[in-house]
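Residues per chain are reported as follows:
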Amino acid sequence: MRRSSRTLLGAAALALAGCSRADHGKRPVIGVAQVSSLAPLDEAREGFYKALADSGFVRDVNVTFIERNAQGDVPTLSLIMRDFVQQGVTQVATFSSIATQTAIKSISDRPVIFGAVANPYLIGAGTSATSHRPNVTGAEIPLPVDSTLAVAVATFPQARVWGTLFDPADPFAEFYLDMAKRKAERMGVRFVSIACTSAQDIPASVQALHAQGVGGIMQIPSIMIGGGMPALVKQARELGVVVVASNTGYPGPPLAIGASFYDNGYAQGLVMIRVLHGESPAKIPFQKSAKPKIVVDLGAARDFGVTIPRELVAQASEVISEKKDTSHVNGAATPAPTAASDASSAWRFWLSALVLGLAFSALAWGVYIASRVLRFPDITPDGSFPLGAAVAATLIYSGADPLIATVVAFFAGMGAGYVTGVLHTRLRVTELLSGILVMTALYSVNLHVMGRSNISLLDRATLVTRMHTAVPRTAAWSGDMAFGVVFLLLTVAIGMLIAWFLRTDFGTAMRAAGDNPAMITAQGVDRRGMVELALALSNGLVALSGALIAQYQGFADVTMGVGTLVAGMAAVILGETLKPRRARLGGTIIMVAIGAIVFRALIALALRIGLNPIDLKLATAAFVLLTLALPNFNFGFRRSAAMVGATR
Amino acid sequence: MIEISGLEKTFDQPGGDQTIALRGVDLSIAAGQFVSVIGSNGSGKSTILNVIAGTYRPDAGSIQIAATDVTRWPEHKRAKLVGRVFQDPFKGTCPSMTVAENLRMAELRGRRRGLRLGLNRGSRVRYREALASLGMRLEGRLDASMGTLSGGQRQAITLLMATLTRPELLLLDEHTAALDPRAEEQIMRVTDQVVRSQSLTTLMVTHSMEQAVRFGDRTIMMHRGLIVADLSGEERRGVTESDLLMRFSELRYTAEMRVTKDLLAGAAAG
C-alpha cells in the first residue's frame, strides 16, 4: 500500500513534469516583443495575430503568447529578450526595427520573426532577402519616404519649403533623412530637418520649422515623434503648416502614404506559421508587403484648410471622411481656415506661446509655493507633471468628462506631493532625496496609470470641446483661440483661489511655516503637517498644469516630465524680476503667471531666431543659472540675497 | 502654576562626548509669579527654558503647566499654554509678512486655523489698540512688513504676540540680549508692564544681573545644571547686583564641589 502510493505519487510528478515539458514541445510559446504602444505597431501586432488565428492557431489553446512591451524604454528590450530565453519561448516575434535589432543581438538559438521593419539590412538581419541570419526572417515594410515626399509636394504645391522632425537618438533617422533629402534635391525642393529629442519638445520644434519658412511637414518614420504625432499635427495646424505622414496608422495628418502595418503584420504572421509548421527560418526569404497605401483623411484636410485632389482621393486605399468624434468639428461646415498669411501666421505663433504660458501658469504657481512660500527644494514636479497628464489623458481616453479628469489629475498630484512631504517630515529623508525618490517612483506609476508610454487624445473631447460646440471654428477663431479663452478663464480662477487661500488663517500659517519654522511652532502649528499640505498643494497645481498641457498638445507621454522643475523655476524667477518692488502677495501671484507666459514667449522668440530645439533645455538651465549667479557678482542687482537664499 | 520635578537632560556632542545640561532640577512657580533666571554659559538656564517649551525632550522628570502634565506634548501643542519670546529678534516673527498678519497668527495660537480671512476691520482695531498699549508708536505700522522693523520693535511685537491670548506661562529667553541699551530698556519696561497688567506666570532667562534684581519677584541662579540659589520675598529685597555677584561666586564654588563630589563618588562606585 505504502509502496504503491509512493509509485503513484512519483508517476503523477513525472506526468506533471512531462506534461509541462510536452506542452512546450507540442504547443509553441511565442515571445511577442514590442518597443512601445504606438498605433502602427499595435496594428501590425493585430495583423500578426489575425494571420495566426486564420490558420487555426488559437491563443492559449494551441499556442501561447508571452507579450512584452518596453513602453518606449529601449534598454528594457534586452531584458525582455533575456526573459524570453528564461521562460523557454520557442519563437520570438518582434515589432519595429529596434526590437528586432535587440533580438538579433541576444537570440541566436531560436527563430526570430520580424515585422514593422523598413530595412532589415540596416540592422544586420542579412545581406539580401535570401541570404540572411539562419534564425532571422520576417516581413519588411517598405516605407518609401522618397515617394511620399514626391506625392506630398505634388499634392500641396502651396508649401514651398518642406521639412521634418527627427529623433537623433533613433538609429534609423539618418537613413530616412538621407532618403528624403536626396529626393528633395532631385526635385529642386528645399528640405529642412530639425532634431527633436523628446515628445515634449515637438510643438517647439514645429515652431522652429515654421520659423524657417517650412509650409509642409513630411514626417519620416520615428518611434518617438510618432508618439507625439497629435502634438505635431495640432501645432502644425495652428501655424498653417500641412502634415503628411510617411507611415499610416497615426490619426491626424490629412494625408498618409506608406505601407499598411496591419498587412505587414499579417505577412509576418504567415512567415511565423511556416516556421511553426517546421520550415527552417534560414530557408524563408524576407517577405515584402505590397505597394504603399494611401490614406486620406478628409476631416483632417478640412481642419488644415487644405484640399486633396479628387484623383488622389480616388486612388486612396482608405478615405476617412468624418471624424469619429464629431463634436470637435461641429463647426466644420463653416469656412475652414485657409493657409495662413504671414501676418496671421506670426500672430498664431505668438498666440500658441501665450496659450502654453497660460497652461504653464499652474506649474509656475506650484513651483512658487514649494520653492518660495515653503522654501523647500522639491524635485517632485518632474514626476507629478507627467502624472497629471497621465491621469487626465487616461480618464479622457476612457470617456470621462475632461473637467472631471482635470480635477482628478489635481488630486493625484496632491497625493504625490503629500508623499514627498511625509518622506521628509516623518521618515526624516532629506528634502532633495524625498523629491528624487517620489519623482523616480512616479515614472513607474505613470506607466501603470496609462498602461503604456503614450496616450493620444486627438479627436477626444477636451476642456475646449464645449467651446468649439458653442463657437464654430473659423480662420480667426482657431483651436488656439479656444484654448486661450478656456485657459485664461481657468488660470484667472486658479490664481484668485491661490491668492485667497494664502491669505486665509490657514494659508497664512502655511506661509509662516516656510518663512519662520521656529515662529510658527511657537504659535502652536505643527510644521510637519504644513509642509506636507504645502507640497501637496504645490504638486497638485503642477499636475493640473500637466493635465492642461496633455489636452492642449493632444497626448500624454511618460517622458514629458523632463525639465519641468527648471521651466517652473525660470517662470518664477522671471516673474520676481519683473515684479514691482512694492508688490504684495496678490501682485506676486499675478507676476509669477506672467513670468510663465514671458518664459514661453522667450522660448518662442529664441526658436524664431533660429535656436535649435535640442538646445532648449540647455538654454533654460543656463538662463536659470544666470539669474541665480548674477547677484553674486554684485552688479547692484536688487533682491540678490533673497534670491540666492531662497533657492539654497 | 508650574510644577517641574527631577528634570534631567544630557546632550550628545559630536565626537561622542556628552554634556550634562540639567542634573535633576525641581522648580515650582506659583501662578502670577515673575521669575528671573541667571547663570553663566552652560549653566542650563536656556536648556530648562527649551525643555519647558518642548523644543527638547527631557531624559527624565516631568513638567506640569496649569495642572496638566505636558512632559510628552510636542512643542507646537505646548504652545497652547506657553507664550515665548526668543533671544534672536528674527526668530519670533515672520519678516515677509505684515505686522497685522503676524498678530493674527499669534491671536490664533492654540486654536483652529480655518479657511477664512482673519484680518478684518474688527481684528485690525484690536491689534491697533494692542500696539498702542506698548507705547512705542507702532500702532500706525499695522501694514508694514515685519522685515522693515528694528530689532527692538520686533521684540516688542513678539512680546505682544506671546501675550495676545493670555498664556499660562510666558517664557522670555534673554529677549533683550541682542538689543542696544536703549531698546533693551524700552523692552524691559514693556515686559514689566505686560506681565504685571495680566499677572502672567513668567520665566525670564537673562544674562544681566541688573535685570535679574530689578524685575520680577523671584530670582533663581543656575550652575552646572543645578539650581544653586533661589531668592524671593524678604531675602531678595534690597539685594544689589554686587551682592548677587558675590553670592554667585560663592555658590559656584559649592556647586563645583558638589559636582566634583558626585563625580568622585561615581568614579568610586564604578
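Per chain, residues are indexed from 1 in the order of the written sequence. Written order decides the labels, with chains lettered from A and ligands numbered from 1. Totals for whole chains, interfaces and linings use all residues, but because this is a predicted model, local features are given only for residues with pLDDT of at least 70 and pairs of side-chain atoms are given and counted only at 80 or more. With hydrogens and water stripped out, all remaining heavy atoms of the structure feed into the side-chain values.

1. Remarks on the domain arrangement of chain A
Residues and elements named next belong to chain A.
- Residue ranges for the domains trace back to a domain assignment, done automatically or taken from a database. As far as domains go, chain A holds domain 1 (24-142 + 265-274), domain 2 (145-259 + 290-334) and domain 3 (350-561).
- The gap between the C-alpha centroids of domain 1 and domain 3 is 40 Å.
- Residue contacts follow a heavy-atom distance rule, with two residues in contact if any of their heavy atoms lie within 4.5 Å. Listed by partner, the interface residues are four residues for domain 1 and four residues for domain 3.
- Together, the buried faces of domain 1 and domain 3 total about 360 Å²; carbon and sulfur atoms form 49% of this surface.
- Any carboxyl oxygen of Asp or Glu that lies within 4 Å of a side-chain nitrogen of Lys or Arg is treated as forming a salt bridge with it. Counting the contacts that link domain 1 with domain 3 gives zero salt bridges.
- N or O atoms within 3.5 Å of each other form a polar contact, as long as, within protein, one can give a hydrogen and the other can take it, and as long as residues adjacent in sequence are counted only when both atoms are side-chain atoms. Remark: the boundary between domain 1 and domain 3 carries two residue pairs in polar contact (both at pLDDT 80 or more).
- Grouping the amino acids of the side of domain 1 that touches domain 3 by side-chain chemistry returns no nonpolar, four polar and no charged. We define buried area as the total accessible area lost by two parts upon association, computed with a 1.4 Å probe and summed across both. Charged residues are taken to be Asp, Glu, Lys and Arg, nonpolar residues to be Ala, Val, Leu, Ile, Met, Phe, Trp, Tyr, Cys and Pro, and polar residues to be all remaining types, Gly included.

2. Points about a nonpolar patch on the surface
- To count toward a patch, a residue needs a relative accessible area above 30% and no salt bridge. Like charges then connect within 9 Å, nonpolar side chains (Val, Leu, Ile, Met, Phe, Trp, Tyr) within 5 Å. Working definition of accessibility: Shrake-Rupley area with a 1.4 Å probe, residue cover restricted to the visible protein chains. A cluster of nonpolar side chains, namely Trp350, Leu602, Leu605 and Ile609 of chain A, defines an oily patch on the protein surface of about 390 Å² accessible area.
- Where helices and strands are cited, they refer to DSSP runs of H or I of at least four residues and of E of at least two residues respectively, numbered from the N terminus. Along the polypeptide, leucine 605 of chain A turns up in helix α23 (residues 585-608).

3. Regarding helix α6 (residues 173-187) of chain A
Residue and element names in this part refer to chain A.
- By definition here, a helix of n residues has an expected span of 1.5 Å times n minus one. When the terminal C-alpha atoms of α6 are compared, their 21 Å separation across 15 residues agrees well with the 21 Å that a helix rising 1.5 Å per residue should span.
- Those residues of α6 not exposed but buried are Ala173, Tyr176, Leu177, Met179, Ala180 and Ala184. For α6, the angular spread of buried residues about the axis comes to 160°, placing them on one side. Among the exposed residues of α6, those oriented more than 90 degrees off its buried face are Glu174, Glu185 and Arg186.
- Buried residues belonging to α6 abut α5 (145-155), β6 (161-166), β7 (190-195) and β8 (214-219).
- Immediately beyond the C-terminal end of α6, within one or two residues, lies glycine 188, with a positive phi of roughly 75°. The cut-offs for exposure are 20% and 50% of the maximum accessible area for each residue type, with area from a 1.4 Å probe on protein chains only; residues under the lower value are buried, those over the upper are exposed, and the others partly exposed. The directions from the helix axis to the C-beta atoms form the arc being described.

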